[in-house]
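Coordinates in review
Each chain is listed here by its residues.
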There are 2 protein chains.
Amino acid sequence: MAGNQRVCLIGAGPSGMSFLYHNSKLKAAGKKCADVVCYEKQSNWGGLWNYTWRTGLDEHGELCHGSQYRDLWSNGPKECLEYPDYTFYDHFGKVLPSFPPRAVLFDYLQGRWNKSNLRNYVTFNTVVKSVTFNKETDDFTVMVKDLSIDKDLPPERFSHVIVASGHFSVPVVPYFDGIDMFPGRVLHSHDFRRAREFKGQRLLVVGAKYSAEDIAMQCRKMGSGNVVCCYRTKPMGFSNWPAGIEERPLLTKVIGNTIHFKDGTTAEVDVIILCTGYMYHFPFMSESLRLKTKTELYPDGLYKGTVWMGGGNNKLMYLGMQDQYYSFTMFDIQAEWACAVVAGHLKLPNRRQMEADIKVWREEQKLLKDCYEDIAYQTKFVCDLASEVGCKYNLDVSALYNKWEDDRFANITTYRDQTFTSVFSGKTGIKHHTPWFKAFDDSLETFVNQTPNK
Amino acid sequence: MAGNQRVCLIGAGPSGMSFLYHNSKLKAAGKKCADVVCYEKQSNWGGLWNYTWRTGLDEHGELCHGSQYRDLWSNGPKECLEYPDYTFYDHFGKVLPSFPPRAVLFDYLQGRWNKSNLRNYVTFNTVVKSVTFNKETDDFTVMVKDLSIDKDLPPERFSHVIVASGHFSVPVVPYFDGIDMFPGRVLHSHDFRRAREFKGQRLLVVGAKYSAEDIAMQCRKMGSGNVVCCYRTKPMGFSNWPAGIEERPLLTKVIGNTIHFKDGTTAEVDVIILCTGYMYHFPFMSESLRLKTKTELYPDGLYKGTVWMGGGNNKLMYLGMQDQYYSFTMFDIQAEWACAVVAGHLKLPNRRQMEADIKVWREEQKLLKDCYEDIAYQTKFVCDLASEVGCKYNLDVSALYNKWEDDRFANITTYRDQTFTSVFSGKTGIKHHTPWFKAFDDSLETFVNQTPNK
């Protein structure tokens, strides 16, 4: 198909796979589409959902992408993240509880990708080493290393570059006075793999976002000693923490096993787990192409949250770089929109209009006061993209998200025992065989058949 | 000093610092020397000796360089690694025991570097991202990122590149059947920081080199449970392992907490520590400039173990890439030799002669039968470089190394309690206040004053 745009897609996680999915849908429909080369550093697709036991560096000496832990269960209802055109009911052929464990979600994702035979589009074990823009020829040069043979490949030229390599892989690890002399284990949540490792150990969890909450809960569930969580800005503030979890203001220093906090209290701990977030890290992008942002719902410099404004040619896009309530469906509509732009089915406005649009969104973002307003804002963002591509589904699941937040604030231990109704399949999740806090069997088989081993 | 060679030096560990040391000596003596720009990724000099509490990735999302652990004591006598022109006696002004803890060695190294005011030559927090060779202009283009401001710097041109970034920083982490489902902690020795973390835990140590031996010993010393070491090729074979350490053939699979070994035996463990070595990892060097080798005393393709033969222009050198008995003194004479070559004080033979020389060394290497022959071989390598630069010292400390090996085989628990006599200062190390296996205070102050806290 001569004349097609030639796209370099970086990463085969949910965002990248959605780009391949929608591009192949255009192709199947006989519409103009791009020629896509997808480079994936890992040996399998799935991004973070491709669980790895490795930590730190991977088998090729590259940054280990995986941040998920073995015991992870979805912290949002599956009804909030299911694809409208491929529901959980479509995939499993039965009604299931609303909060699946890790392996179930990965299976679901792979179902959609396999159905469209997307594996052939991914080049595994290849890592993008540099992306530069050629002003004269208005295209990009991409340098790639084939990790399986430890060789640099010849430079490739592309009309477009789509960065879908995620932003939950490179940990932010702050220094605290004395942490270097702490006699116990110090790790970032990026390297947290099994809650069982901490059985009987007293934990300090630094952070107040999802990782902090979930790792504290997981560790207590799996038999850790007491957990003290501490926060820089504000506590998570759940009124129903299970026994043995408490919150305090940030630590000020570490002396031996003793942690000193801002409120003057101290605690003795065996392990420090830093749930201190991740950095946006694109060292392979040349300086002028590199997204630099903090985590927010509408990062600056991306039109419709996607098109990189820095380059001036609108041919570089970033997928999934938003702070996330919506996840798979947001990546998917964003990828569909990006496909339409690349293939020329959707025209971008002029630069001034795009900049004005970004400004409006970012001004609105400033006014958001709580999680419910965040959810409404991100719903609007998702529905705006959907309307641009003429999506036939109403992607608004804000009512489910709002209920989910209510459930969490009502009881952080039991919120995963609640059920939700899919707006796409109309099915209501069934009650899980065992309350989450007492459910230790997280295998796919057990979840799908609802037959716990014991 | 127009007309000088312009050298890009990568890394400010012992090898890189020795290059700066000898180059500044040439300058001080009014001799022709190079203009050197030294890029160091970390915020301080010392390479591996710049201990870090971090693991996996560093504060900038770069590969964490440090592999040393808090409780490390030298595993070779200080008399085998001291600089002839700056002895331990010169630095500390007193006679000390032969096996110092980590902080003492770092202090010693810094003494020599500070004395020559070398800090000004190092650009910290800068990581080399790419090195390419320009055939037309017979020089190199080097791309560097300033980590402190997260910015790519403008490309720089250099006549020479010296790679001194080490080869003990990027772990080789093999997969074993079932290790991904092991319920306990799995780590590589690269991420081992404190032996105390394993108190009471049963350990599997995979490997049979220095890391395996020392980590097994450290952990038992610090109160771990039993340790099973396992080997692929041959056991370490020490006859006097302390109680609670044993050796077995390699594991074949992991089922739950149970490790299965090649000899059909099993062991229950809580932690798996992979002491499975490091890879030579120079992703920043373009393919044709990249040293690829296994760990050996004389890696292929380096004339005098130093000049890269791949490029054909003799202006790319690698320092300290040898498997090591000799360490600081070997790096130092290699760096002195490299300085002399770069400045033009030493002429290289033609390519055919260099290739023939490499071949002779590598043929001889093939015949080496045991550690004593290895030591004699590396002694010859060191003395050969010394003779080329007209070094006035006899760097041969093979007699000390041989005695050290004897001591280790006689008793792996007590070999660090032995003393050695410096061939440079003539001083004999004094007896340490406490046998190493019972010495828990490893501070510099205590060691230098020989006044343990308890």
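Residues numbered from 1 in each chain as written. Chains lettered and ligands numbered in written order. Predicted model: local features only at pLDDT ≥ 70, side-chain atom pairs only at ≥ 80, totals over all residues. Heavy atoms only, no water.

1. Observations regarding the overall build of chain A
Stated precisely, the cut-off is as follows: Each helix is a run of DSSP H or I of at least 4 residues and each strand a run of E of at least 2, with the numbering of both proceeding from the N terminus. The atom set for the radius of gyration is the C-alpha atoms, and the globule formula is 2.2 Å times the number of residues raised to the power 0.38. Exposure classes here rest on a 1.4 Å probe applied to the protein chains alone. A residue is buried below 20% of its type maximum, exposed above 50%, and partly exposed in between. Pairs of residues are marked as contacts when any of their non-hydrogen atoms sit within 4.5 Å. In this tally Asp and Glu are treated as negative and Lys and Arg as positive; neither His nor the chain ends contributes. Note on charges: their place is set at NZ of Lys, CZ of Arg, CG of Asp or CD of Glu.
Tallying secondary structure elements over chain A gives nine helices and 19 strands in all. Its C-alpha atoms give chain A a radius of gyration of 22 Å, within 12% of the compact-globule value 22 Å for 454 residues. Taken over the C-alpha atoms alone, chain A extends approximately 65 × 50 × 50 Å along its principal axes. Here chain A holds 454 residues, and 60% of them are scored as buried. Considering only contacts within chain A whose residues lie at least 6 apart along the sequence, 67% involve residues at least 24 apart. If the 54 positive side-chain charges of chain A are averaged to one point and the 52 negative ones to another, these points end up 1 Å apart.

2. Details of the sheet that holds strand S13 (residues 251-255) of chain A
Residue and element names in this part refer to chain A. Applied cut-off: Pairing between two strands is assigned when DSSP locates at least 2 bridges connecting them. Axis definition: a line fit to C-alpha positions, over the contact stretch in the case of helices; interaxial angles, taken between N-to-C directions, run 0 to 180 degrees.
Strands sit in the order S13-S14-S15 across an open sheet of three strands; the sheet is antiparallel. The open sheet is flanked by S13 and strand S15 (266-268), the only strands paired with a single partner. Across the sheet, the mean angle from the axis of one strand to that of its neighbour is 20°, orientation sign disregarded. Here four bridges tie S13 to strand S14 (residues 258-261), and the two strands are oriented antiparallel to one another. Of the residues in S14, the one forming a bridge with leucine 251 is phenylalanine 261.

3. Structural notes on the relation of the copies chain B and chain A
Keep this limit in mind: A least-squares fit on C-alpha atoms brings the copies together, and the residues used are those whose pLDDT is at least 70 in both copies.
Superposing chain B onto chain A requires a rotation of 180° together with a translation of 0.0 Å along the rotation axis, leaving an RMSD of 0.0 Å. In symmetry terms, the pair is related by a two-fold rotation axis. Across chain B, the smallest distance between a C-alpha and the rotation axis is recorded for glycine 56 of chain B, namely 1.9 Å. In this assembly, 100% of the residues forming the interface of chain B have copies in chain A that are likewise at the interface, indicating an isologous arrangement.

4. A word on helix H7 (residues 371-388) of chain A
Residues and elements named next belong to chain A. Where we set the bar: A helix is expected to span 1.5 Å for every residue after the first. N or O atoms closer than or at 3.5 Å make up a polar contact, with two conditions inside protein: a donor-capable atom paired with an acceptor-capable one, and, for residues adjacent in sequence, both atoms drawn from side chains.
A rise of 1.5 Å per residue sets the reference length of H7, with its 18 residues, at 26 Å; its end C-alpha atoms lie 26 Å apart and thus fit the reference within 8%. Among the residues of H7, Cys371, Asp374, Ile375, Tyr377, Gln378, Thr379, Phe381, Val382, Leu385 and Ala386 are the ones counted as buried. For H7, the elements touching its buried residues are helix H5 (328-343), helix H6 (351-366) and helix H8 (398-410). Put simply, aspartate 370 is the residue that caps the front of H7, since its side-chain oxygen is 3.0 Å from the backbone nitrogen of tyrosine 372. One or two positions beyond H7, positive phi appears at glycine 390, with a value near 65°.

5. Describing the pairing of strand S4 (residues 126-134) of chain A
Residues and elements named next belong to chain A. As paired strands, S4 and strand S5 (residues 139-146) are joined by eight bridges and run antiparallel to one another. Within S5, the residue paired with valine 127 across the bridge is lysine 145. The turn linking S4 back onto S5 is made up of four residues, and aspartate 138 within it adopts a positive phi angle of 55°.

6. Observations concerning the environment of tyrosine 298 of chain B
Residues and elements named next belong to chain B. Inspection of the secondary structure puts tyrosine 298 in the loop between strand S16 (271-274) and strand S17 (302-303). With 91 residues separating them along the chain, tyrosine 298 and valine 389 place their C-alpha atoms 20 Å apart. Setting aside residues up to four positions removed in sequence, tyrosine 298 forms contacts with Tyr303, Lys304, Gly305, Asp357, Ile358, Trp361, Arg362, Gln365, Tyr377 and Phe381.

7. Let's talk about the domain arrangement of chain A
Residue and element names in this part refer to chain A. Defined as follows: Start and end points for every domain follow an automatic or database-based domain assignment. Summed over both partners, the accessible surface that disappears when two parts come together, traced with a 1.4 Å probe, is what is meant by buried area.
Taken domain by domain, chain A holds domain 1 (6-169 + 278-401) and domain 2 (173-274). If you average the C-alpha positions of domain 1 and of domain 2, the two centres end up 32 Å apart. Between domain 1 and domain 2, the contact holds 20 residues from the first and 15 residues from the second. Between domain 1 and domain 2, the buried area comes to about 1400 Å², and carbon and sulfur atoms account for 41% of it.

8. So, the interface of chain B and chain A
One frequent convention defines the size of an interface as the accessible area lost when the parts assemble. What counts here: Salt-bridge detection follows one rule: a side-chain nitrogen of Lys or Arg within 4 Å of a carboxyl oxygen of Asp or Glu.
On the chain A side, the residues contacting the 43 residues of chain B number 43 residues. Across the chain B/chain A interface, buried area totals approximately 3300 Å², and carbon plus sulfur atoms make up 51% of it. Linking chain B with chain A are eight salt bridges, by the criterion used here. Residue arginine 290 of chain B is joined to aspartate 152 of chain A by a salt bridge in which the shortest nitrogen-to-oxygen separation is 2.7 Å. Taken together, the links from chain B to chain A amount to 14 residue pairs in polar contact (both at pLDDT 80 or more). Elements represented by at least two residues in the side of chain B that touches chain A include exactly strand S6 (151-152) and strand S9 (185-188) of chain B.

9. Brief notes about the pairing of strand S10 (residues 203-206) of chain B
Residue and element names in this part refer to chain B. Judged by which residues are buried, S10 turns out to be covered on both faces: Leu203 and Val205 on one side and Leu204 and Val206 on the other are all buried. In terms of strand pairing, S10 meets strand S11 (residues 227-231) through four bridges, oriented parallel. Bridging across to S11, valine 206 finds its partner in cysteine 230. One ladder, built from four bridges, connects S10 with S16; its direction is parallel. If you follow valine 206 over to S16, its bridge partner there is leucine 274.

10. Brief notes about the packing of aromatic side chains
What characterises a pair of aromatic rings is the spacing of the ring centres plus the angle enclosed by the ring planes. Cut-off, in case you're wondering: Ring pairs are drawn from Phe, Tyr and Trp, using the six-membered ring of Trp, whenever the two centres fall within 6.5 Å, and their geometry is named by plane angle: stacked under 30 degrees, edge-to-face over 60, tilted for the rest.
Evaluated as defined, the whole model comprises 64 aromatic pairs over all chains. Seen from their ring centres, tryptophan 361 of chain A and tyrosine 377 of chain A are 5.5 Å apart, and the 80° between their planes marks the pair as edge-to-face. One end of the pair, tryptophan 361 of chain A, is in helix H6; the other, tyrosine 377 of chain A, is in helix H7, and 16 residues separate them in sequence. With centroids separated by 5.5 Å and ring planes inclined at 15°, the aromatic side chains of tyrosine 298 of chain B and tryptophan 361 of chain B adopt a geometry described as stacked. Linking tyrosine 298 of chain B in the loop between S16 and S17 with tryptophan 361 of chain B in helix H6 (residues 351-366), this pair joins segments that are 63 residues apart in sequence.

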